[in-house]
Amino acid sequence: MTHLDIELKQLKEEALEMFDLVTSQLKKSKTALLNNDSEIAREVNFNERRVNALELKIDKDCENIFALFNPLAIDLRFVLAVLKINSNLERIGDIADGISRYVAATSGRFDKELVHQTKLEDMFDIAVSMLTDVRASFDTEDTKLARGVFKKDDSLDEINANANSVVEDIIRTNTEKTGQCLHIISAIRKLERTGDQVKNVAEEIIFYIEAKVLKHLPGKNTNE
Amino acid sequence: MFKIESKNVHLYYNDFHALKGISMTVKSNTVTALIGPSGCGKSTFLRLFNRMNDLIDGVKIEGEVLLDGKDIYNTKGLRTDELRKKVGMVFQKPNPFPKSIFENVAYGLRVNGISHKNFIEERVETSLKQAALWEEVKDKLKKSAFELSGGQQQRLCIARALAIEPSVVLMDEPASALDPISTAKIEELIYELKNKYTIMIVTHNMQQAGRVSDMTAFFYLGELIEYDHTQTIFTNPKDPKTQSYVTGRFG
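These remarks concern the structure in this document. (Residues numbered from 1 in each chain as written. Chains lettered and ligands numbered in written order. Predicted model: local features only at pLDDT ≥ 70, side-chain atom pairs only at ≥ 80, totals over all residues. Heavy atoms only, no water.)

Looking at the overall build of chain B
For step 1, the next point in the chain: When helices and strands are counted, chain B shows ten helices and ten strands.
For step 2, the next point in the chain: By the compact-globule yardstick of 18 Å for 251 residues, chain B fits well, its C-alpha radius of gyration being 18 Å.
For step 3, the next point in the chain: Expressed as lengths along the three principal axes of its C-alpha atoms, the size of chain B is roughly 55 × 45 × 35 Å.
For step 4, the next point in the chain: Buried residues in chain B amount to 51% of all 251 residues.
For step 5, the next point in the chain: Total accessible area computed for chain B in this model is approximately 11700 Å², and 49% of it derives from carbon and sulfur atoms.
For step 6, the next point in the chain: When the 33 basic and 30 acidic side-chain charges of chain B are each reduced to a single mean position, those positions are 3 Å apart. (Helix = DSSP H or I, 4+ residues; strand = E, 2+ residues; numbered from the N terminus. Rg over C-alpha atoms; globule rule 2.2 N^0.38 Å. Buried < 20%, exposed > 50% of the residue type's maximum accessible area, 1.4 Å probe, protein only. Areas by Shrake-Rupley, 256 points an atom, 1.4 Å probe, with all protein chains shown as cover. Lys, Arg positive; Asp, Glu negative; His and termini not counted. Charge placed at Lys NZ, Arg CZ, Asp CG, Glu CD.)

Notes on the packing of aromatic side chains
For step 1, the next point in the chain: Counted under the stated rule, the structure contains nine aromatic pairs over all chains.
For step 2, the next point in the chain: Relative to A:Phe138, the ring of A:Phe78 has its centre 6.0 Å away and its plane inclined at 15°; by these criteria the two rings are stacked. Placement of A:Phe78 in helix 3 (residues 73-105) and of A:Phe138 in helix 5 (residues 120-140) is noted, with a sequence separation of 60 residues between them. Accessibility assignment for this pair places A:Phe78 and A:Phe138 in one class, buried.
For step 3, the next point in the chain: With a centroid separation of 5.1 Å and 85° between ring planes, the pair formed by B:Phe45 and B:Phe49 is classed as edge-to-face. Across this residue pair, the class does not change: B:Phe45 and B:Phe49 are buried.
For step 4, the next point in the chain: Through pairs of rings, three or more aromatic residues link up here, namely A:Phe19, A:Phe78, A:Phe138 and A:Tyr208.
For step 5, the next point in the chain: One cation-aromatic arrangement involves B:Lys60 over B:Tyr12; the distance from NZ or CZ to the ring centre is 4.8 Å.
For step 6, the next point in the chain: Over the ring of B:Phe97 we find B:Arg160, and its NZ or CZ is 4.1 Å from the ring centre. (Phe/Tyr/Trp six-rings, centres within 6.5 Å; stacked < 30°, edge-to-face > 60°. Lys NZ or Arg CZ within 6 Å of the ring centre and 35° of its normal.)

So, the sheet that holds strand 1 (residues 4-13) of chain B
Residues and elements named next belong to chain B.
For step 1, the next point in the chain: The sheet built from four strands is open, its strands ordered 2-1-4-5 with antiparallel pairing. With one partner strand each, in any of the chains shown, strand 2 (16-26) and strand 5 (70-71) form the two edges of the open sheet.
For step 2, the next point in the chain: Of the strand pairs in this sheet, strand 1 and strand 4 (residues 59-67) are connected by eight bridges, and their pairing is antiparallel. Bridging across to strand 4, Ser 6 finds its partner in Val 65. (Pairing = 2+ DSSP bridges.)

So, the pattern of salt bridges
For step 1, the next point in the chain: Scanning all chains against the criterion turns up 36 salt bridges over all chains.
For step 2, the next point in the chain: The residue A:Lys9 makes a salt bridge to A:Glu13 at a minimum N-O spacing of 3.4 Å. Placement of both A:Lys9 and A:Glu13 in helix 1 (residues 3-35) is noted, with a separation of four residues, approximately one turn of the helix.
For step 3, the next point in the chain: B:Asp68 is paired through a salt bridge with B:Lys3; the nearest N and O atoms lie 2.9 Å apart. Here B:Lys3 lies in the segment before strand 1 and B:Asp68 lies in the loop between strand 4 and strand 5, a separation of 65 residues in the sequence.
For step 4, the next point in the chain: For B:Asp68, a relative accessible area of 31% corresponds to the partly exposed category.
For step 5, the next point in the chain: Given a relative accessible area of 9%, B:Lys3 falls into the buried group.
For step 6, the next point in the chain: If you follow the salt bridges from partner to partner, you end up with B:Arg79, B:Asp81, B:Glu82 and B:Lys85 in one network. (Salt bridge = Lys/Arg side-chain N within 4 Å of Asp/Glu carboxyl O.)

Concerning the packing of helix 1 of chain A against helix 2 (residues 38-69) of chain A
Residue and element names in this part refer to chain A.
For step 1, the next point in the chain: Interaxial distance between helix 1 and helix 2 falls to 10 Å at its minimum, and their mutual angle equals 160°. Of the possible angle classes, the one that applies to helix 1 and helix 2 is roughly antiparallel. Between helix 1 and helix 2 lies a crossing whose hand is left-handed.
For step 2, the next point in the chain: A breakdown of the residues in the contact of helix 1 with helix 2 according to their chemical character gives 17 nonpolar, five polar and ten charged. (Axes fitted to C-alpha atoms, helices over the stretch in contact; angles between N-to-C directions. Parallel < 35°, antiparallel > 145°, perpendicular 65-115°, else oblique. Left-handed = near helix turned anticlockwise from the far one by under 90°. Nonpolar A, V, L, I, M, F, W, Y, C, P; charged D, E, K, R; others polar.)

What about the sheet that holds strand 3 (residues 31-35) of chain B?
Residues and elements named next belong to chain B.
For step 1, the next point in the chain: Across the sheet, which stays open at both edges, the six strands sit in the order 6-7-8-3-9-10 with mixed pairing between neighbours. With one partner strand each, in any of the chains shown, strand 6 (87-90) and strand 10 (223-229) form the two edges of the open sheet. If you compare each strand with its neighbour and ignore which way they point, the axes differ by 15° on average.
For step 2, the next point in the chain: As defined by bridge partners, strand 3 adjoins strand 8 (residues 198-202) across four bridges and the pair is classed as parallel. The residue of strand 8 that forms the bridge with Thr 32 is Met 200.
For step 3, the next point in the chain: Across the sheet, helix 6 (residues 150-163) is in contact with strand 6 and strand 7 (168-172); its angle to strand 6 comes to roughly 170°. (Contact = heavy atoms within 4.5 Å.)

Re the packing of helix 4 (residues 117-130) of chain B against helix 6 of chain B
All names here are of chain B.
For step 1, the next point in the chain: Following both chains from N to C, one finds helix 4 and helix 6 inclined at 130°, their axes separated by 8 Å at the closest point. Taken together, the axes of helix 4 and helix 6 lie oblique to each other. Crossing geometry of helix 4 relative to helix 6 is assigned as right-handed. Judged by residue contacts, Arg 123, Ser 127, Leu 128 and Gln 130 of helix 4 engage Leu 156, Ala 159, Leu 162 and Ala 163 from helix 6.
For step 2, the next point in the chain: A class-by-class count of the residues in the contact of helix 4 with helix 6 yields five nonpolar, two polar and one charged.

Focus on the layout of surface pockets
Empty space among the atoms becomes visible once a probe the size of a water molecule is rolled across them.
For step 1, the next point in the chain: Each pocket or cavity is described by its volume, and for the largest pocket that value is around 550 Å³.
For step 2, the next point in the chain: Along the wall of the largest pocket there are 19 residues; nearest its centre are B:Arg84, B:Phe97, B:Gly108, B:Arg160 and B:Ile164.
For step 3, the next point in the chain: When residues of the lining of the largest pocket are traced back to their parent elements, those giving at least two are helix 2 (80-86), strand 6, helix 3 (101-111) and helix 6 of chain B.
For step 4, the next point in the chain: For the lining of the largest pocket, the class distribution of residues is ten nonpolar, five polar and four charged.
For step 5, the next point in the chain: Lining the second largest pocket are A:Asp5, A:Leu8, A:Lys9, A:Lys12, A:Ile74, A:Asp75, A:Phe78, A:Glu141 and A:Tyr208.
For step 6, the next point in the chain: Elements supplying a minimum of two residues to the lining of the second largest pocket: helix 1 and helix 3 of chain A.
For step 7, the next point in the chain: Element by element, the count of residues in the lining of the second largest pocket is highest for helix 1 of chain A, at four residues.
For step 8, the next point in the chain: Across the lining of the second largest pocket, the residue classes tally to four nonpolar, no polar and five charged. (1 Å grid on protein atoms, 1.4 Å probe; cavity = no way out; pocket = protein on both sides within 12 Å on 5 of 7 lines; lining within 4 Å. Points joined across faces, edges and corners; volume = space filled by probe spheres on them.)

Structure below.
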């Protein structure tokens, strides 16, 4: 194994650690929000510092590899991809942190019916599943898994698109739930944004492995 | 019409098959980098274009090598010294003659029968300026070329090659013996020179190939494995062998 190979392997391990950390943050933010668990929410807020520190570490390592090893071809695409994936994952970390802060801002547990009707829990599950897929895709270099998330993101977009009318109806009949509704709609927006971030990650993985640029292209969910 | 073209060229050093059916075209005013591990045939390929291989015993060449559409090996009346006026060459190690700076550059003109003093002076100045050396040597033109640093000597050799106004310049690892500052000057020079010349350069330095060339050809075991735009070769080569080479995994 060359010196560059060792550096690239370490970078991949760090990126996988970032995937794991951010996925865990997103899962915990779901638990915190749905169970009104302020202790877990605080844990997410605390761990956000770890996410930020790891982002800086990965950025620095990419910079060093560029400067010292001048990577080319697939190595160059890999380092470029990690740099961008890192940034997207950090944003997902911010989202998990932001969602967890709603726990402190809300008095009492979120209304179960409200959560059910807005499909908030489904959104969390889809977002986590997308993140798990791209993590596996990155680890195994299986671009099929990465391409799969484009379709899953459509489900997030659909839930997000329907959320306004669902929430409007609830507020009309239960004005006392307005505060909770506003937090829920904010969380839905953030989870929709998570889907976009994961899609960006998938695009970077495909760029790195296949040298194809999918950005701004329609019909990405094909398996070509 | 292409400036340079090789069509199915095979070259043998006695029994050794050094080039295996190389076909390649080069446009005017471009820089083409030839890369590949030692012994892959890139320098042999470079030397085809000024017939330097002819000097080696036991060489046999098949195929066509064209310069401006003319087969330089099979055109009646095309003399090697005439060809070398059109195709200049710079070698790995600076090799100035044991003469003054001025005479090094004037040499090619004198052996070609030019004796007009003003013309020679003018051409020496122009060539030294083109080689980005004029400012450093204009006050010591009569000094020995050996008093110059390695990087200056190499630029002097480039000026010497340019003085006879070739249209093609071949460079065989021109900066491999130089320090980073001199290397940067040579690279900058190559970039400038392509406005006027067609340049082919052999280099072992991947970053140098990336910085100076428009097209890159990867040779391996006497074969041309891949020839494409430099950007493509260094970001998304098509052949796994090219990828392995440019990423430093073999060669």
